[in-house]
Amino acid sequence: MKIVVIGGTGLIGSKLVTKLREHGHEAVAAAPNTGVNTLTGEGLVEALKGASVVVDVSNSPSWEDAAVLNFFETSTRNLLTYEAAAGVGHHVALSVVGTNLLSESGYFRAKIAQEKLIRESSVPHSIVRATQFFEFLKGLADISVDGGKVHLPPVLFQPMAADDVASAVGKVAVGQPVDGIVEIGGPEQFRVDELVRRRLASLKDPREVIADPNARYSGAILSENTLVPGSDARLGETRYETWLTQPAAQIPSAHPKTNAA
Ligand SMILES: NC(=O)c1ccc[n+]([C@@H]2O[C@H](COP(=O)([O-])OP(=O)(O)OC[C@H]3O[C@@H](n4cnc5c(N)ncnc54)[C@H](OP(=O)(O)O)[C@@H]3O)[C@@H](O)[C@H]2O)c1
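Owing to the predicted nature of the structure, the values given are computational and were not obtained by experimental measurement. (Residues numbered from 1 in each chain as written. Predicted model: local features only at pLDDT ≥ 70, side-chain atom pairs only at ≥ 80, totals over all residues. Heavy atoms only, no water.)

Moving on, we come to the overall build of the protein chain. Counting its secondary structure elements, the protein chain contains 8 helices and 12 strands. Against the globule reference of 18 Å for 261 residues, the protein chain gives a C-alpha radius of gyration of 18 Å, in line with a compact fold. By principal-axis analysis of the C-alpha atoms, the protein chain measures approximately 50 × 35 × 35 Å. Classification of the 261 residues of the protein chain by burial places 53% in the buried group. For the protein chain, the proportion of contacts with a sequence separation of at least 24, taken over those separated by at least 6, is 82%. Surface summary for the protein chain: the accessible area is close to 11,100 Å², and the carbon and sulfur share equals 52%. Taken together, the 24 basic and 29 acidic charged side chains of the protein chain have centroids lying 2 Å from each other. (Helix = DSSP H or I, 4+ residues; strand = E, 2+ residues; numbered from the N terminus. Rg over C-alpha atoms; globule rule 2.2 N^0.38 Å. Buried < 20%, exposed > 50% of the residue type's maximum accessible area, 1.4 Å probe, protein only. Contact = heavy atoms within 4.5 Å. Areas by Shrake-Rupley, 256 points an atom, 1.4 Å probe, with all protein chains shown as cover. Lys, Arg positive; Asp, Glu negative; His and termini not counted. Charge placed at Lys NZ, Arg CZ, Asp CG, Glu CD.)

To continue, consider the packing of aromatic side chains. The tally for this structure, following the rule as stated, stands at 10 aromatic pairs. Ring centres of Phe108 and Tyr217 lie 5.7 Å apart, and the angle between their planes is 40 degrees; on these two criteria the pair is classed as tilted. Of this pair, Phe108 sits in helix 4 (residues 106–120) while Tyr217 sits in the loop between strand 11 (209–211) and strand 12 (234–235), placing them 109 residues apart in sequence. By the burial criterion, Phe108 is buried, and Tyr217 matches it. (Phe/Tyr/Trp six-rings, centres within 6.5 Å; stacked < 30°, edge-to-face > 60°.)

This part covers the pairing of strand 7 (residues 149–152). Examined bridge by bridge, strand 6 (residues 145–146) and strand 7 share 2 bridges and lie antiparallel to one another. Note on strand 7: the bridge partner recorded for Val145 is Val150. Sheet topology note: the strand 7/strand 11 ladder contains 3 bridges and is parallel. Counted as the bridge partner of His151 is Ile210 from strand 11. (Pairing = 2+ DSSP bridges.)

Counted by the stated rule, this structure contains 16 salt bridges. Residues Glu46 and Lys49 are paired through a salt bridge, measuring 3.1 Å at the closest nitrogen-oxygen approach. A single burial state applies to Glu46 and to Lys49, both of which are exposed. Salt-bridge contacts for Arg129 lead to Glu115; the nearest nitrogen and oxygen are separated by 2.7 Å. With Arg129 in strand 5 (residues 125–130) and Glu115 in helix 4, this pair connects stretches of sequence that are 14 residues apart. Grouping residues by exposure puts Arg129 and Glu115 together as buried. Because the salt bridges share partners, they merge into one network encompassing Lys138, Asp142, Asp205 and Arg207. (Salt bridge = Lys/Arg side-chain N within 4 Å of Asp/Glu carboxyl O.)

On to the nonpolar core. Val55, Leu94, Leu140, Val165 and Val196 are the most contacted members of the largest nonpolar core, which has 58 residues in total. Among the elements that line this core, the one with the most residues is helix 6 (residues 162–174), at 7 residues. For Leu140, the residues in contact, after removing those within four places along its chain, are Leu152, Phe157, Val192, Val196 and Tyr217. Core analysis: the next-biggest nonpolar cluster, separate from the first, contains 11 residues, Ile6, Leu44, Ala47 and Val54 among them. (Core = buried A, V, L, I, M, F, W, Y, C linked by side-chain atoms within 4.5 Å.)

Bringing helix 4 into the picture now. Across its 15 residues, helix 4 extends 21 Å between first and last C-alpha, which sits within 8% of the 21 Å expected from 1.5 Å per residue. Among all positions of helix 4, only Gly106, Tyr107, Phe108, Ala110, Lys111, Ala113, Gln114, Glu115, Leu117 and Ile118 are buried. Sitting at the head of helix 4, Ser105 places a side-chain oxygen 3.2 Å from the backbone nitrogen of Tyr107. (Expected span 1.5 Å × (residues − 1). Polar contact = N/O pair within 3.5 Å; in protein donor to acceptor, adjacent residues only side chain to side chain.)

Turning our eyes to something else, we now look at the layout of surface pockets. Of the volumes computed, that of the second largest pocket is approximately 180 Å³. Of all elements in the fold, only helix 6, strand 9 (181–185) and strand 12 reach the threshold of two or more residues within the lining of the second largest pocket. At 4 residues, helix 6 tops the list of elements feeding residues into the lining of the second largest pocket. (1 Å grid on protein atoms, 1.4 Å probe; cavity = no way out; pocket = protein on both sides within 12 Å on 5 of 7 lines; lining within 4 Å. Points joined across faces, edges and corners; volume = space filled by probe spheres on them.)

What follows is the structure, given as structure tokens:
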């Protein structure tokens, strides 16, 4: 089966392409540096020719409010239009657990817009909402700095390894469209401030992490369970302490890119 992975050179995308190929699928890594740009439409006709499934695990290069909204709206609109024309039978997109509750955040307004376009399209779809990646914990600190200290709310979350995200997205991609949402998460719950503090310590990053009930996550106020997936979520196996021993954990973070909210 031909499966086009938009953002196939990124953190999740590159793992997903590898896994799909290991399972015998023809996986195409689509990104600007492979000649496919979803913002302009460049390369999409060629890439989508004969494709059964498109998986969108792209991300905006800029997380500034207007830029990120433009990215997810324009690229999703383009993708769905080209998919309908090419007869693609399944659009899979990666979103975030709690997205619908996070509209105070410019980044999440963009993810809400992305999900809405997908729901309203004629292309059968599956939206996979994942919890935060372990790989993003340092990025989470970076976007939460105030006065040189990291301010994070002491609420619950259930983060997961990027490798488990890619496996779960791959399973959804080769299955039937659910025309709805699948939630995925990690095997353990933590307090956000607690795990980010542990992650910075593992990187010998000296920044202090303050448990601040008024601190925002990417611009949004969180309640105790905003970031926690529902009871029917599919859970990855990798525990945080196990992930920490893996080579991936030695890399501080690929996130955030520019102008993080
Ligand atoms: N971070 C988290 O904890 C978390 C949690 C749940 C869900 N998510 C979601 O996971 C998704 C993927 O995240 P990630 O960390 O894997 O992203 P990433 O590593 O930043 O990769 C982004 C990918 O998008 C590609 N891309 C950028 N602009 C493009 C364009 N105009 N056309 C086509 N491709 C383009 C990039 O290509 P280049 O490298 O060539 O620019 C890259 O391959 C995002 O949608 C995010 O919302 C993230």
